[in-house]
Amino acid sequence: MKRLLLTAFEPFGGENTNPSLEAARQIKQMSFDDASIRVEELPVDRNRAIAAALEALRAFRPEVVIMLGEAGGRFRITPERVAVNVDDFRIPDNAGNQPSDEPIVEGGPVAYFSTLPIRAITERLISARIPAAISNTAGTYLCNRLFYSVMHAIATEGVAAKAGFIHLPYLHDQTIPKQVDQPSLSLESMVEGVRLAIEVSLEKITQ
Ligand code: PCA
């Protein structure tokens, strides 16, 4: 049995929900043949989110970590290629923090690459007719910060885990009240996309 840690974020930026949370809650109800999955719901707070994720990483010692978050405005499910060492928040987080141009880890590496099989994940989703593409930037907000912080902990604390981040578009429901047209996916596609990403990651990662 492999251990897989799945993280999701609470709503932020005036939204009532977060697709990552909705998808992760459904995944939590599923069983996977060869893995036990722990779901961690994270606050959109630059300090508490990282503390909770690192605590889960150290306590659960997963072989695979998949972090999820919302990227409103995107058309596809997007496995991220890279996390960069900078916090530059476009809007405050839910605790009111809004750092600009700050390193996440002072003196840390400029960036970390995802160690998830992002190409295989993207291809599997497309085969299942779920819109997907590799993304080359996770932004400079909390999702990038979480992604970088987890990769840094894995690199420096000798945790043998493969990890990476996947951004999800808006759910259909989120776009209904908006004044400006926005792309969205159904919850069904979102959940199936995450389920397939988990399946591919477990298949490709053998330790
Ligand atoms: N998306 C934000 C942070 C929380 C979330 O779900 C981001 O892309 O940084």
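Residues numbered from 1 in each chain as written. Predicted model: local features only at pLDDT ≥ 70, side-chain atom pairs only at ≥ 80, totals over all residues. Heavy atoms only, no water.

Enquirer: Explain the overall build of the chain to me, please; I cannot follow it from the model alone.
Expert: Along the chain, the regular secondary structure elements total 6 helices and 9 strands. On C-alpha atoms alone, the chain measures out to a radius of gyration of 16 Å, which is about the 17 Å that the 2.2 N^0.38 rule sets for 207 residues. Within the chain, buried positions represent 53% of all 207 residues. Put simply, 80% of the contacts in the chain that link residues at least 6 apart link residues at least 24 apart. Taking the average place of the 21 positive charges on the side chains of the chain and the average place of its 26 negative ones, the gap between the two points comes to 5 Å. (Helix = DSSP H or I, 4+ residues; strand = E, 2+ residues; numbered from the N terminus. Rg over C-alpha atoms; globule rule 2.2 N^0.38 Å. Buried < 20%, exposed > 50% of the residue type's maximum accessible area, 1.4 Å probe, protein only. Contact = heavy atoms within 4.5 Å. Lys, Arg positive; Asp, Glu negative; His and termini not counted. Charge placed at Lys NZ, Arg CZ, Asp CG, Glu CD.)

Enquirer: Please clarify how helix H2 (residues 48-60) should be interpreted in this entry.
Expert: An α-helical segment advances 3.6 residues per turn. Residues three or four places apart therefore align on the same side. Under the 1.5 Å per step criterion, the end-to-end length of H2 is 18 Å for 13 residues, consistent within 8% with the ideal 18 Å. After H2 finishes, the residue arginine 61 shows a positive phi value of roughly 45°. (Expected span 1.5 Å × (residues − 1).)

Enquirer: For this particular structure, what's the right way to read the nonpolar core?
Expert: Soluble globular proteins tend to pack their nonpolar side chains together in the buried interior. In terms of nonpolar packing, the biggest core is built from 34 residues, with Leu6, Ile66, Val194 and Ile198 touching the most fellow members. No other element matches the 8 residues that helix H6 (residues 187-204) contributes to this core. With sequence-adjacent residues up to four places away left out, leucine 6 is seen in contact with Ala24, Ile27, Ile37, Arg38, Val39, Glu40, Ile66, Leu68, Val194 and Ile198. Leu54, Leu57, Tyr112 and Ala163 belong to the second largest nonpolar core, which has 33 residues in total. (Core = buried A, V, L, I, M, F, W, Y, C linked by side-chain atoms within 4.5 Å.)

Enquirer: Would you mind showing me how to read the pairing of strand S7 (residues 162-168) here?
Expert: Residues in a regular strand project their side chains so that they alternate between the two faces of the sheet. Counting buried positions over the 7 residues of S7 gives 6, a clear majority of the element. The pairing of strand S3 (residues 64-70) with S7 spans 7 bridges and is classified as parallel. Note that in S7 the partner of leucine 68 across the bridge is isoleucine 166. Both strand S4 (residues 78-79) and S7 contribute to a ladder of 2 bridges, which runs antiparallel. (Pairing = 2+ DSSP bridges.)

Enquirer: Sorry if this is basic, but what is going on with the packing of helix H3 (residues 118-127) against H6 here?
Expert: Each pair of packed helices can be described by the angle between their axes along with the distance between the axes. Here H3 crosses H6 at 135°, and the two axes come no closer than 9 Å. Taken together, the axis directions place H3 and H6 in an arrangement best described as oblique. Two packed elements cross with a definite hand, and for H3 against H6 that hand is right-handed. Contacts between H3 and H6 involve Ala120, Ile121, Arg124 and Leu125 on the former and, on the latter, Gly193, Leu196, Ala197, Glu199, Val200, Ser201, Glu203 and Lys204. (Axes fitted to C-alpha atoms, helices over the stretch in contact; angles between N-to-C directions. Parallel < 35°, antiparallel > 145°, perpendicular 65-115°, else oblique. Left-handed = near helix turned anticlockwise from the far one by under 90°.)

Enquirer: Looking at this structure, I do not really get the site of the ligand. What am I missing?
Expert: Surveying the vicinity of the ligand reveals the residues Phe9, Phe12, Asn18, Gly69, Glu70, Tyr141, Leu142, Cys143 and His167. Residue asparagine 18 places a side-chain N or O atom 2.9 Å away from an oxygen atom belonging to the ligand. Take cysteine 143: an N or O atom from its main chain is 2.8 Å from an oxygen atom of the ligand. In isolation the ligand has 260 Å² of accessible area, and contact with the protein removes 94% of it. Structurally, the ligand is housed in the largest pocket. Put simply, the parts of the chain that give the shell around the ligand at least two residues each are S3 and helix H4 (142-157). (Near = heavy atom within 4 Å. Polar contact = N/O pair within 3.5 Å; in protein donor to acceptor, adjacent residues only side chain to side chain. Areas by Shrake-Rupley, 256 points an atom, 1.4 Å probe, with all protein chains shown as cover. 1 Å grid on protein atoms, 1.4 Å probe; cavity = no way out; pocket = protein on both sides within 12 Å on 5 of 7 lines; lining within 4 Å. Sits in = over half its atoms within 2 Å of the grid points.)

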